[in-house]
Amino acid sequence: MRAKSTSALLGLCSLVAGCVSESRGYREVQDVVSERTQAQVKWRRIDEDPKREQAVQQLLRQPLTAKAAVQLGLLENLDIQAKFESLRAAQGKLLQARAPRNPEAEASFGFRRKHSTNVELSVSEELTNLLFLPGANRAAEAELDAESLAVATEVIDFVFDTERAFLRYQAAAKQLEIHTKLVAAERGQLEAARAIHAAGNITDLALLGFESSAREAEVALDGARQDASDKKEALTEQLGLWGKNVNFKVAPLTQGARHPSAPMAW
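A. Structural context of the overall build of the protein. Helix and strand counts for the protein come out as 9 helices and 3 strands. Each helix (α) and strand (β) of the protein, taken in turn from the N terminus, gives the series β-α-α-α-α-α-α-α-β-β-α-α. Out of the 266 residues belonging to the protein, those deemed buried represent 31%. Of all intrachain contacts in the protein linking residues separated by at least 6 positions in sequence, the fraction that spans at least 24 positions is 75%. A total accessible area of about 16,500 Å² is found for the protein, and carbon and sulfur atoms account for 54% of it.

B. How the structure looks around the nonpolar core. Ranked by internal contacts, the top residues of the largest apolar core, which has 20 residues, are V29, V33, V41, L74, F84, L87 and V155. Those elements giving two or more residues to this core turn out to be α2 (26-37), α5 (66-76), α7 (85-98) and α8 (127-198). The element best represented in this core is α8, accounting for 8 residues. Setting aside anything within four residues of it in sequence, one finds V155 in contact with V33, V41, L74 and I80.

C. Here's a closer look at helix α4 (residues 52-61). Buried within α4 we find R52, V56 and L60. When α4 is viewed along its axis, its buried side chains cluster within an angular range of 75° and face the same direction. For α4, the exposed residues set more than 90 degrees away from the buried face come down to Q54, Q58 and R61.

D. Fine view of a negative patch on the surface. Where like charges cluster on the molecular surface, the negative patch consists of D79, D230, E233 and E237. Looking at which element gives the most residues to the negative patch, the answer is helix α9 (residues 204-239), with 3 residues. The class for D230 is partly exposed, based on a relative accessible area of 39%.

The rules behind each value
Residue numbers run consecutively from 1 along every chain, following the written order of its sequence. Since the coordinates come from a predicted model, pLDDT governs what is reported: local features require at least 70, and pairs of side-chain atoms require 80 or more to be given and counted, while whole-chain, interface and lining totals use all residues. Based on all heavy atoms of the structure, the side-chain values leave hydrogens and waters out of the count. Runs of E in the DSSP output that reach at least two residues are strands. Runs of H or I that reach at least four are helices, and both are numbered from the N terminus. Partly exposed describes any residue whose relative accessible area lies between the buried limit of under 20% and the exposed limit of over 50%, with all areas from a 1.4 Å probe on protein chains only and scaled to the type maximum. We call two residues contacting when some pair of their heavy atoms lies within 4.5 Å. Areas reported as accessible are Shrake-Rupley estimates using a 1.4 Å probe. Residue values count occlusion only from the protein chains shown. Here, nonpolar core refers to any group of buried Ala, Val, Leu, Ile, Met, Phe, Trp, Tyr and Cys residues whose side-chain atoms link them within 4.5 Å. By arc we mean the arc of the directions from the helix axis to the C-beta atoms, nothing more. Each patch is assembled from residues with relative accessible area greater than 30% and no salt bridge, linking like charges that lie within 9 Å and nonpolar side chains (Val, Leu, Ile, Met, Phe, Trp, Tyr) that lie within 5 Å. Just to be clear on terms, a salt bridge is a Lys or Arg side-chain nitrogen sitting within 4 Å of an Asp or Glu carboxyl oxygen. Neither His nor the chain termini are counted; the positive set is Lys and Arg, and the negative set is Asp and Glu. Charge coordinates come from a single atom per side chain, which is NZ of Lys, CZ of Arg, CG of Asp or CD of Glu.

What follows is the structure in structure tokens.
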């Protein structure tokens with residue numbers, strides 16, 4: 001069934017269509033992430049800050065804490081920015097659902113001798129399209145809300161994954177520091193043992209024991225150095241850093257620090 005009308009139908013269509021804000025869905029993500037983690041997330045498309053790079057460098061100038069690492073990752077990791085693009089697709093579907101199909105326009109012209117020209121215009125629209133618009137709109141809104149929740153969940157997962165990567169590297173750096181000191185101590189003992197051995201005060205077997213301990217300490221140091229390098233590489237990738245920004249430092253691990261697998265209480 002087709003309903004023929006003029007400007008009244010066009011006016012109804014314009015009221016039904018409305019518009020969709022770019023921030024629709026994104027602000028909901030911000031609220032959920034802030035409530036769960038107290039971290040501030042920004043979508044560069046909407047909240048582009050000309051001082052973003054300045055903020056990044058300010059964070060990098062000081063040894064990173066877990067909270068600073070999370071904020072740095074939210075600023076720099078491009079995967080996080082890419083997740084917001086799914087909101088744009090859902091926004092587009094909502095806009096499409098709100099808009100009725102293009103009406104069909106018809107025109108007729110009549111010509112008579114010595115008389116004015118007759119012009120008739122008509123616009124037709126499927127009445128069922130208008131009837132189904134509210135339902136389609138509600139479905140698209142629900143889809144956008146679901147997408148917002150999915151993005152928020154992914155961002156929250158990113159926050160905790162970043163914290164775990166930070167704490168693992170922090171612990172590995174502490175182990176490297178400990179093994180470095182142990183190697184220095186073992187080398188000192190070995191030098192003293194060699195001097196005592198040269199004086200004839202300890203046996204060859206005793207000296208061999210000191211040499212063996214020193215070698216074991218050096219092997220452990222090599223392992224700790226490789227582990228710290230791997231953990232830092234993983235954290236660097238998680239933060240989305242490259243170039244000169246990879247030369248960051250982390251705050252030292254303090255006594256009583258939580259295990260990396262423990263969720264962070266912001």
